[in-house]
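What the coordinates show
The residues making up each chain are set out below.
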Amino acid sequence: MLGRILLLAQACLPIFAFQSAPASGDVVMRAMQDELARSMKKLQLENLQKPYFVAYHAVENENCTVTASFGAIVNSYCEPPGTARSRVFSVEVRVGDYARDNSNFFAPMMNAGVTRPLITGGLTVPLDDNYDELRRQLWLGTDSAYKTALDTFAKKKAALEHRTRTDDAPDFSKEPVVTINEMGSPIAWNRTEIESAAKALSAVFRETPGIDNSEVRWSATRWLARYVNSEGSTYVRAATLVTVNINADTQADDGMPLADYDVIYARTPAELPSRDEIAKRIRALAMRLDRMRKAALVERYTGPVLFEGQAAAEIFLQGLGSYMVGAPRVVVDDSRLDRVYNSNTGLIDRVGTRVLPDFLTVVDNPALKDVSGTPLFGGYQVDDDGVKSAPTTIVDQGVLKTLLHTRGLLPGTTHSTASHRGFSASPSNLIVTSSKSLTSEQLKAELIKMAQQRGKEYGILVRRMSNMAFASSLLRSRMIIVTGGSTPGSLSVEPLIEAYKVYPDGHEELARNLEVNGLTLGSFKDIVSVSDVPSVQTTQVRIMARQPMMAGSITPSGPSVVSIAIPSLLFEDVGLQRPSGDVPSLPFSKHPSFDK
Amino acid sequence: MKRNCLFLPPLLFLASAISPAQAPARRSTMLDAITAELSRSMEHFKKLQTPPYFLSYEVVETETSTVTGSFGTLVASGPPVRRRQVGIDLRVGAYELDNTHPIRGAMQIFGDQFNVYPMPLEDDPEAIRALLWYYTDQRYKRAVEQLISVKTNVKVKAEETDKSGDFSPAKAEVYSEPAPPKLEVDRKLWEDKVRRYTAPFQRYGNIYSANSTFTAEKETRWFVSSDGASIQTGQTAYRLSVTAFAKASDGMELPLFEYMYSSTLGGLPKDEVVLEKVQQMTKNLMALKLAPVMEPYVGPAILSPRATGVIFHEIFGHRIEGQREKREGQSQTFRDKVGQKILPEFLSVYSDPTQTKAGPTELAGFYRFDNEGVKARRVAVVENGVLKTFLMSRLPLDHFPESNGHGRRAAGYNVAGRQSNLMVVASQTVTPQELKKQLIEEAKKRNLPYGLYFEDIAGGFTSVGRGVPNFFSVIPTMVYRIYLDGHEELVRGVDLIGTALTTFNKILAADNQYSAFNGICGAESGPVPVSAGGPGLLFSEIEVQKKPKSQELSPILAPPSDDK
């Protein structure tokens, strides 16, 4: 079911006229609006500045997570939908003005105020719709945030007294006032059914002697976010996500650790594939891993590499995607620490230059629900700051146009890209399109041709690549030997899971434990060809450009996943190698169930 | 090195379902599964060059239900959460020197300090054994690595003071009691109760936090070892806390709390009793707001029985935990004091995990076996002022080669010698009135206008490492000046400080009252439930300092409810 959007263009409404509030009987919303109005009207410490902007963000969270291993439940926490187990408020208070305020500043200090939540998003408030108590918590939270803001703003002004700021973008953007009600899919789940599914699915590994440890984690979450700000914007936004996460690990015959995973996404339990279908995927995963145990090692390879499907998505997101987000430069109290807090400002210096070949274009589109029928999971109609989502062209025909950001502006920008998701800006749904492509057969032939031209015995084709967010979910203290990415200036990306040597006659031979070495942002400019059919993947991205926790850091109120539609990518030159660390010995005995 | 001993709520709590041991129940699937896997592993290990000399598995299942209210509303309520975790003690080397021996001069590896792995919540032997095997393999590989480093380290470093070895043999106990009774939690009822317990605070705009948390917990433990031990025990615990804080006009924070514990739901106080305590808390908070700030003071003081428990737990109890006397980095306060007088002759101290009650108070530090499978027993630590022994885990100490059943840990940590129910008893006592008279006499002797009375103390921390002063600090909440004419005055902002040995020397007398205090103690082996109790005590001299004051002002705006 599609989300319903109510968008009322409110040109110049008086600030506290909330006649069109989403649900008039909503006590939480009413408490937020009333305390907001009082704060804007009365909150002032002696003759210091009043806040120019206040926003409240409330998140309710319902979750069901069941983990099973080898046919038995290991962990189960499951509340029925409709019984929110937590409600968290974030308070954002800004003093100064849009051009220069208390944000984008870092000095190590405690928050001020009586209750002093550690970060701005730390108020735990009544689950009951008790108007008075909701307001009491907002009152204390606002008092703390206001005092902290005054303190910060004074320190920031002092720090800037003797410095000339090179980044002159305003601290906070002005955005249209919106009233949005995005209700998402209705969701229901049943604990007994989920437990039985997780058990049965994890029991598939009882038939796979080659796997040492495994886990199936079934999880469903519903978020409900409410937002009001002093400019008059409000939204109510519900989001759901269901995942089935499968993890397995073992050791190769020579002792090297091997791990693989699979994640299935859906908006509701009903949209998940059938249990048989998932079981089939688990068997495929186990078989892949088992075959890997006996596969050959490749000592070292430098040459053309073709990334297909999941691997294309991962290399693109881990390499380039995590830099497609920008954060404003932070003024640091102690300028010796400047580099610590401004070490990753994304690709901001490269805006206007080429970062990809001229046939590739990248658009972030939060409003998109699917690509030719395949669902996307990173989207929303309104971001956490109450900015209505719209497509952003990040890379146009190879040239970097802008970086994704929140209302904290980057040099040269005037508006948010509606990318605020929880702790920072983040991509949502990335669509990579190409003006020139080959069929997958042609692409493979191209790989072989390039390898031959370089005098290589074979080219390398990668089908699966690891991702830290998933691969580390099994509790494994088994030594992980990683050495890749150590060349100075290179990007650190996760090891490859499934790679093949492709010989001139087209036959493929499995290669295991390969790591990417020496990948740089420049490597992406040298993508030579891509496939005609994109693959749609959903995963998690590590955002490199993050600000220290401060005003605007809010509890995530939706899934933290990113979806991407991306063709297979043929890189001209990628360095790969086996890990060079110590290899652990094999287990002291066989697995008890297979020790016959 | 700080030993935090916060007697404050938000930690898990476990304790005693005190029903006499029944005839052993039929063997549990869990015990069978972990025993079978342990035997299989030991068989396989035999073929290896460095086989373990000891292996034990301790599986702990907890089922917990928690409900929290604040100012008359519900802020947290979840369904019962069930968890099973296994702790693995795998040792290579020998009792004299094994892989757990501390490596001097090296950073401790983070992962080695923790010992916890999730286990299936179901009695499915195949799944249990599969995970157990996987974790055992990891522990084994790590243990072999550790042993190599240990052997080199002892060769290149100076000789250690203590030569008693790394582990002691213990009797292989076989015991099984039926599973504890089902958790009795009517969530709706308790949601309503915690709302009611915190509703009275609503009236006060200057009380900034007021919470009540109810926790019900059921714990089942299964322990097997390569020595042949096989133990199954179970307990339930019900706990209720109320905490609140206000601020004085100068910004000083004034926290208060109440803590109630029972092994049965029926053992918790009735609503009227809780509400009475809540009312007293609001009164005390308002009185504290107006109370004068205590100046630095050196002079006589009385500790109430409740305060005695906390003080002894902090400044004495932690120093008689065996490992404190062993390791080179520890202060070893009492290592050479065994057989000597360390307290006045009229005081004795014992630690007794088998004791279930002190007067009307149920004791939270009860258990039948410690976390190393050693049977719990009463340990007389100090008899008539003379130090006799320490609280021992299976980590031996020169002249104390055996455990006395005090090897404890919270799930996930490595075992250490810890307190259970620490009780101070006096052989000569006076009435509280007489004690107060003596206090006034002492004050007069020193030309002081008053003595101090510590009615309540909220716990604190004590430091036992070397390289830092061996001080302690506790957080007194309700303290009174007792003037020479006998009248009392509440004061705020008192911080009790001192060093352990000098403080003990200054005890003059004890009263004939007795009170025990339940709490959670956090130290190197995790938060464990403990009790501490004793009589009221008169000290000839204690030292107090000004409490560091919060610099935060009260809120700018009036509470929303008052701002019409």
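In case you missed it, the structure is sitting above this.
Here goes a summary of the coordinates provided. These numbers come from a predicted model, not from an experiment.

A few words on the overall build of chain A. Looking only at helices and strands, one finds eight helices and 28 strands in chain A. Looking at chain A as a whole, 51% of its 596 residues qualify as buried. Across chain A, the fraction of contacts at a sequence separation of at least 24, relative to all contacts at a separation of at least 6, is 81%.

Okay, the environment of L391(B) next. Residue and element names in this part refer to chain B. Along the chain, L391 falls in the loop between strand 16 (386-387) and strand 17 (407-408). Judged by the 27 C-beta atoms lying within 10 Å of it, L391 is buried. With residues up to four places along the chain from it excluded, the contact list for L391 reads I320, E321, G322, S351, V379, N404, H406, G417, R418 and Q419.

Right, let's talk about the interface of chain B and chain A for a bit. Of the residues lining the interface, 46 residues belong to chain B; the matching set on chain A comes to 48 residues. Contributing elements (two or more residues each) for the side of chain B that touches chain A: helix 1 (29-46), strand 3 (73-77), strand 6 (117-118), helix 2 (125-156) and strand 8 (207-225) of chain B. Per-element accounting of the side of chain B that touches chain A gives the leading share, eleven residues, to helix 2 of chain B. Each residue belonging to the side of chain B that touches chain A can be placed in one class, and the counts come to 23 nonpolar, twelve polar and eleven charged.

Let us now look at the pairing of strand 12 (residues 347-351) of chain B. All names here are of chain B. Where burial is concerned, the two faces of strand 12 differ: the one with L347, V349 and S351 is buried and the one with S348 and Y350 is not. Where strand 12 lies against strand 20 (residues 421-426), five bridges are found, and the strand directions are antiparallel. Bridge assignment links S348 to a residue of strand 20, and that residue is V425. Note that strand 12 and strand 15 (residues 379-383) share three bridges and pair antiparallel. The residue of strand 15 that forms the bridge with V349 is V382.

In this section: unusual backbone geometry. Residue and element names in this part refer to chain A. Phi at F70 takes a positive value of approximately 55°, unusual for a residue other than glycine. Structurally, the position occupied by F70 is in the loop between strand 1 (53-69) and strand 2 (72-78). Even without a glycine there, the phi angle at Q397 is positive, about 45°. Considering the arrangement of structural elements, one finds Q397 in the loop between strand 16 (392-396) and strand 17 (399-400). On the neighbour-count criterion, Q397 (14 C-beta atoms within 10 Å) is partly exposed.

This part covers the environment of R408(B). The residue R408(B) is located in strand 17 in this model. The residues contacting R408(B), other than those within four sequence positions of it, are D370(B), N371(B), V415(B), R418(B), S525(B) and V528(B).

All names here are of chain B. Taken in spatial order, the six strands make up an open sheet running 16-15-12-20-27-26, and their pairing is mixed. Both outer strands of the open sheet, strand 16 and strand 26 (515-523), are each paired with one neighbouring strand and no more. Running over the sheet, helix 5 (residues 305-316) touches strand 12, strand 20, strand 26 and strand 27 (526-534) and is turned about 130° from strand 27.

This paragraph deals with the pairing of strand 27 of chain B. All names here are of chain B. Of all nine residues making up strand 27, nine are buried, and the element is well covered by its neighbours. In the sheet, strand 20 pairs with strand 27 via three bridges, with the strands oriented parallel. The partner of L422 across the bridge, within strand 27, is A532. With nine bridges connecting them, strand 26 and strand 27 associate as antiparallel partners. Note that in strand 27 the partner of A523 across the bridge is G526. Hairpin connection, strand 26 to strand 27: the antiparallel pair is bridged by two residues.

The biggest cluster of nonpolar side chains holds 283 residues, and the ones touching the most others in it are V462(A) and I34(B). Excluding residues within four positions of it along the chain, I34(B) makes contact with Y57(B), V59(B), I128(B), L132(B), W222(B) and V224(B). Among the nonpolar cores identified, the runner-up in size contains five residues, and F105(A), F106(A), V331(A) and V332(A) belong to it.

All names here are of chain A. Along the chain, the position of A367 falls in the loop between strand 13 (360-364) and strand 14 (370-371). Between the alpha carbons of A367 and F571 there is a distance of 31 Å; along the sequence they are 204 residues apart. Sequence-distant contacts of A367, that is, excluding residues within four places in its chain, are made with G379, Q381, S389 and A390.

Below, the discussion takes up the packing of helix 1 of chain B against helix 2 of chain B. When two helices pack together, you describe them by how their axes are tilted relative to each other and by the distance separating the axes. All names here are of chain B. Between helix 1 and helix 2, whose axes approach to 9 Å, the crossing angle comes to 40°. Considering the angle they form, helix 1 stands oblique to helix 2. Regarding helix 1 and helix 2, the two cross each other, and that crossing is right-handed. Residue-level inspection shows T29, M30, D32, A33, I34, A36, E37 and S41 of helix 1 in contact with helix 2, the latter providing P125, I128, R129, L132, W133 and T136. Grouping the constituent residues of the contact of helix 1 with helix 2 by class yields eight nonpolar, three polar and three charged.

The next point concerns the sheet that holds strand 26 (residues 535-539) of chain A. All names here are of chain A. A sheet is described by the order of its strands in space; here six strands give the open sequence 17-16-13-20-27-26, paired in mixed fashion. Both edges of this open sheet fall to strand 17 and strand 26, since each of them pairs with a single strand only. Inspection of the sheet shows strand 13 paired to strand 16 by three bridges, in the antiparallel sense. Bridging across to strand 16, D364 finds its partner in T392.

Rules used in this analysis
- Residues numbered from 1 in each chain as written.
- Chains lettered and ligands numbered in written order.
- Predicted model: local features only at pLDDT ≥ 70, side-chain atom pairs only at ≥ 80, totals over all residues.
- Helix = DSSP H or I, 4+ residues; strand = E, 2+ residues; numbered from the N terminus.
- Buried ≥ 20, exposed ≤ 12 C-beta atoms within 10 Å, placed from the backbone.
- Contact = placed C-beta atoms within 7 Å.
- Nonpolar A, V, L, I, M, F, W, Y, C, P; charged D, E, K, R; others polar.
- Pairing = 2+ DSSP bridges.
- Axes fitted to C-alpha atoms, helices over the stretch in contact; angles between N-to-C directions.
- Core = buried A, V, L, I, M, F, W, Y, C linked by C-beta atoms within 7 Å.
- Parallel < 35°, antiparallel > 145°, perpendicular 65-115°, else oblique.
- Left-handed = near helix turned anticlockwise from the far one by under 90°.

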